[in-house]
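Spelled out from the first residue to the last, the chains are:
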Amino acid sequence: MATYGLLLDFNTCIGCKACMRSCKEVNNLSGPLGQELSAENYTVVNTYKDLNYRKMCMHCLTPSCTSVCPVGALKKSELGPVTYDGNKCIGCRYCMVACPFSIPRYEWNNPRPVVRKCIMCISRIEQGKEPACAWVCPMGATRFGERDRLLDIARARLTRHPDKYVNHIYGEKEAGGTSVLMISSIAFADLGFRSTLPQEPLPDLTWTVLRKIPNIVFTAGIVVGGIWWVINRRMELDRENNGNNHKA
Amino acid sequence: MKTMAITIKPKTFLLLPVLLVLVAGVVLTVVRFTYGLGKVTALSDAFPWGLWVGFDVVCGVALAAGGFILTAITYLFNAERYKPVLRPAILTAFLGYILVSVGLLYDLGKPWNIWHPLVMWNPHSVMFEVAWCVMLYSTVLALEFSSIIAEAMKWKKVVTAFHAIAVPLVLAGVLLSTLHQSSLGSLFLIVPLKLHPLWYSSLLPLNFFLSAVAVGFAMVILESFISSRILHRGLEFDLLVDLGRFLWFAEIVFLAVRLQDLFVSGVLHYAMDGSLEGIAFLIEMGLFFTSILLLSIRRIHNSKIGLFFAAATAVLGVMANRLNVSLVGMLSDSKSGYFPSWSEITISLFLVTMGVIVFFTAARYLPIFPPEKEADISK
Ligand code: SF4
Ligand code: SF4
Ligand code: SF4
């Protein structure tokens with residue numbers, strides 16, 4: 001099955017915020033258009049030195065959020081989107097702590113809160129439609145497609161206009177790669193994107209330890225059990241030798 | 001007469017603040033569950049884990065480590081002479097885990113879903129593993145605790161039944177504790193860029209385990225001192241001096257592992273850069289070094305007040321470490337300037353107060369302490 005993604009080309013974005021509005025519509029998000037991601041803004045468009053740039057969930061290929069969620073409320077779909085099931089969620093907010101891009105938001109003032117983030121319009125994709133923000137974008141600055149194809153397009157643009165783009169496809173390698181890819185004329189670090197991310201998926205850091213647990217349990221069990229057995233045996237022998245009555 | 005004055009004074013003196021905390025706690029509990037986390041906490045999207053995770057859960061679990069340490073010594077290593085301090089240690093651990101669970105109910109956004117990890121599995125999640133270990137270990141503690149009651153009540157059949165499963169039960173408890181004590185450290189393995197280098201390390205799980213062992217000894221010592229004071233019971237001082245030796249050793253192992261790790265990663269210079277993190281780190285280290293130093297001087301180690309302070313600084317050191325990992329070390333990257341709200345602090349105090357009240361009520365009315373050395377009782 002094809003795995004989809006989005007390509008955001010900041011150079012062609014005109015800052016009309018149609019994506020923000022359409023996102024609010026399809027996801028039933030109330031409130032005004034924001035400057036920062038929030039429970040009511042899954043995506044934002046901001047401007048830095050004439051460049052309009054977008055922020056949203058990166059839909060990591062190996063997401064930290066899905067790996068840390070104790071109940072599997074967050075899931076990476078084979079189609080590409082990272083989805084969320086509020087009925088499973090216990091509200092531990094580990095996903096927010098773990099996300100390397102600091103994307104998930106929370107409904108702090110709701111007594112029955114849920115986690116809020118872009119879900120790449122999964123239901124639209126399942127219906128064969130594009131995510132709302134890609135569909136509505138008048139400039140093609142947000143483009144939906146198979147990730148491999150989008151990567152080719154991005155590479156082609158960087159080679160054709162090396163003067164207009166910094167030579168970096170944000171999301172190609174970051175944290176093991178993401179389904180959302182971004183290209184820009186200004187370095188991503190200057191736009192406030194984390195630029196020091198490792199190329200390996202972050203969940204590996206945890207998994208190298210977690211997967212050793214059966215061994216640890218087994219070894220520790222044998223060692224501690226063995227110590228108990230030796231000590232106990234010796235005490236029994238002592239008792240037999242002395243013929244003492246033992247009091248438990 | 002003199003003892004009377006000493007024992008009554010702190011009680012009346014404490015009554016007012018305790019009442020205040022209890023009333024405020026109840027009110028804030030209602031507010032918390034009616035209006036959501038935002039109303040009472042200083043948490044934000046940039047800083048989603050605050051005091052309740054850092055103190056109530058991460059510190060709480062560590063401070064309850066005395067239970068598994070002492071059951072391991074007495075049952076698995078057959079050092080039966082520690083039995084007099086075993087029961088209060090189990091009681092504290094049991095109450096500690098109950099407190100942690102209650103604290104979690106406050107902190108979780110959807111506490112009514114707390115049972116979900118039972119049926120919705122994600123073995124890749126450290127939190128999932130911690131949830132299971134804590135659940136199973138609380139069951140172990142509940143069983144160990146009921147065995148104490150059964151023994152004291154002389155319910156012969158129950159006692160024999162417990163005897164049959166004592167060793168496997170204790171062994172399970174020790175393994176479960178080893179796992180989740182270390183896993184609390186593993187929780188932070190996935191945030192190499194968010195946690196300050198003075199605390200982020202691939203050895204986080206080992207650090208957490210070693211410091212849990214240390215604080216386990218320290219808590220047993222502290223608890224024995226305090227309950228002997230308040231309940232006017234005798235003190236098994238020679239046992240505590242021995243435990244102090246273990247504490248000393250555990251702290252040295254912890255510090256050695258931690259400092260060599262920091263040295264090898266070349267991040268020790270952050271300690272001296274005058275930043276908030278640097279200062280917090282120096283405080284943490286200072287507490288451990290003070291405790292080790294106090295225990296290294298025989299005259300101090302063998303004096304009641306000296307041992308008490310050594311154990312207290314060790315407890316504070318481990319608490320500083322846990323708060324540094326979960327709060328201070330996560331601050332600068334989040335740019336959130338989080339500081340717990342007074343409501344967060346009050347609710348934490350409220351839970352601790354409840355725990356202390358239940359502990360002393362249980363200690364007074366349940367046969368927790370062996371009925372010896374009652375000479376101190378002043379009536
Ligand atoms: S960007 Fe964050 S929230 Fe989005 S998939 Fe990756 S880890 Fe999850
Ligand atoms: S807050 Fe919800 S979605 Fe996020 S990790 Fe916790 S249970 Fe999973
Ligand atoms: S993909 Fe859908 S949910 Fe995500 S930002 Fe675009 S419109 Fe919003």
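Residues numbered from 1 in each chain as written. Chains lettered and ligands numbered in written order. Predicted model: local features only at pLDDT ≥ 70, side-chain atom pairs only at ≥ 80, totals over all residues. Heavy atoms only, no water.

Per the secondary structure count, chain B includes 14 helices and zero strands. Starting at the N terminus and ending at the C terminus, chain B contains elements arranged as α-α-α-α-α-α-α-α-α-α-α-α-α-α. Relative to its length of 379 residues, chain B is compact, with a C-alpha radius of gyration of 21 Å against a globular reference of 21 Å. Summarising its shape, the C-alpha atoms of chain B cover approximately 55 × 50 × 45 Å along the three principal directions. Residues classed as buried in chain B amount to 58% of the 379 residues present. In chain B, of all internal contacts separated by at least 6 residues, the share reaching a separation of at least 24 is 79%. Element-wise, carbon and sulfur atoms account for 75% of the exposed surface of chain B, whose accessible area totals about 16500 Å². Across chain B, 25 positive and 21 negative side-chain charges occur, with their mean positions spaced 9 Å apart. (Helix = DSSP H or I, 4+ residues; strand = E, 2+ residues; numbered from the N terminus. Rg over C-alpha atoms; globule rule 2.2 N^0.38 Å. Buried < 20%, exposed > 50% of the residue type's maximum accessible area, 1.4 Å probe, protein only. Contact = heavy atoms within 4.5 Å. Areas by Shrake-Rupley, 256 points an atom, 1.4 Å probe, with all protein chains shown as cover. Lys, Arg positive; Asp, Glu negative; His and termini not counted. Charge placed at Lys NZ, Arg CZ, Asp CG, Glu CD.)

Time to look at the pairing of strand 2 (residues 44–48) of chain A. All names here are of chain A. One ladder, built from five bridges, connects strand 2 with strand 3 (residues 51–55); its direction is antiparallel. Its bridge partner being in strand 3, asparagine 46 is matched across the sheet by tyrosine 53. Hairpin connection from strand 2 to strand 3: two residues lie between these consecutive antiparallel strands, with lysine 49 at a positive phi of about 50°. (Pairing = 2+ DSSP bridges.)

Here the focus is the environment of B:Val356. Residue and element names in this part refer to chain B. By the secondary structure assignment, valine 356 is in helix 14 (residues 342–365). The class for valine 356 is partly exposed, based on a relative accessible area of 41%. Between the C-alpha atoms of valine 356 and threonine 92, which are 264 residues apart in sequence, the distance is 9.3 Å.

Time to look at the packing of helix 11 (residues 276–296) of chain B against helix 13 (residues 304–334) of chain B. Residues and elements named next belong to chain B. Axis separation between helix 11 and helix 13 bottoms out at 8 Å; the angle between their running directions is 160°. Taken together, the axes of helix 11 and helix 13 are roughly antiparallel relative to one another. Here helix 11 runs over helix 13; the crossing is left-handed. Here the residues of the contact of helix 11 with helix 13 are counted per class, giving 16 nonpolar, eight polar and two charged. (Axes fitted to C-alpha atoms, helices over the stretch in contact; angles between N-to-C directions. Parallel < 35°, antiparallel > 145°, perpendicular 65-115°, else oblique. Left-handed = near helix turned anticlockwise from the far one by under 90°. Nonpolar A, V, L, I, M, F, W, Y, C, P; charged D, E, K, R; others polar.)

Scanning all chains against the criterion turns up 14 salt bridges over all chains. When the shortest N-O distance is used, the salt bridge between A:Asp152 and A:Arg155 registers 3.6 Å. Of this pair, A:Asp152 and A:Arg155 both sit in helix 6 (residues 147–160), three residues apart, roughly one helical turn. Taking the relative accessible area as the measure of exposure, A:Arg155 reaches 38% and is therefore partly exposed. Here B:Asp333 ties to A:Arg194 by a salt bridge, and the two come within 2.7 Å at their closest N and O atoms. Of this pair, B:Asp333 sits in helix 13 while A:Arg194 sits in the loop between strand 9 (180–183) and helix 7 (203–210), on two different chains. Linked through salt bridges whose partners overlap, the residues forming this network are A:Glu36, A:Lys55, A:Arg105 and B:Asp45. (Salt bridge = Lys/Arg side-chain N within 4 Å of Asp/Glu carboxyl O.)

Near ligand 2, the surroundings consist of 13 residues, among which A:Cys69, A:Cys89, A:Cys92, A:Arg93 and A:Cys95 are the closest. A class-by-class count of the residues in the shell around ligand 2 yields 11 nonpolar, one polar and one charged. (Near = heavy atom within 4 Å.)

So, about helix 13 of chain B. All names here are of chain B. Compared with the 45 Å implied by 1.5 Å per residue over 31 residues, the 44 Å span of helix 13 between its first and last C-alpha is a close match. A bend of about 55° at asparagine 324 is the largest found in helix 13. Positive backbone phi, at 50°, marks lysine 335, one or two positions downstream of helix 13. (Expected span 1.5 Å × (residues − 1). Bend = angle between axes of the 7 residues up to and from the residue.)

Fair warning: the whole summary comes from geometry, so function is off the table for now.
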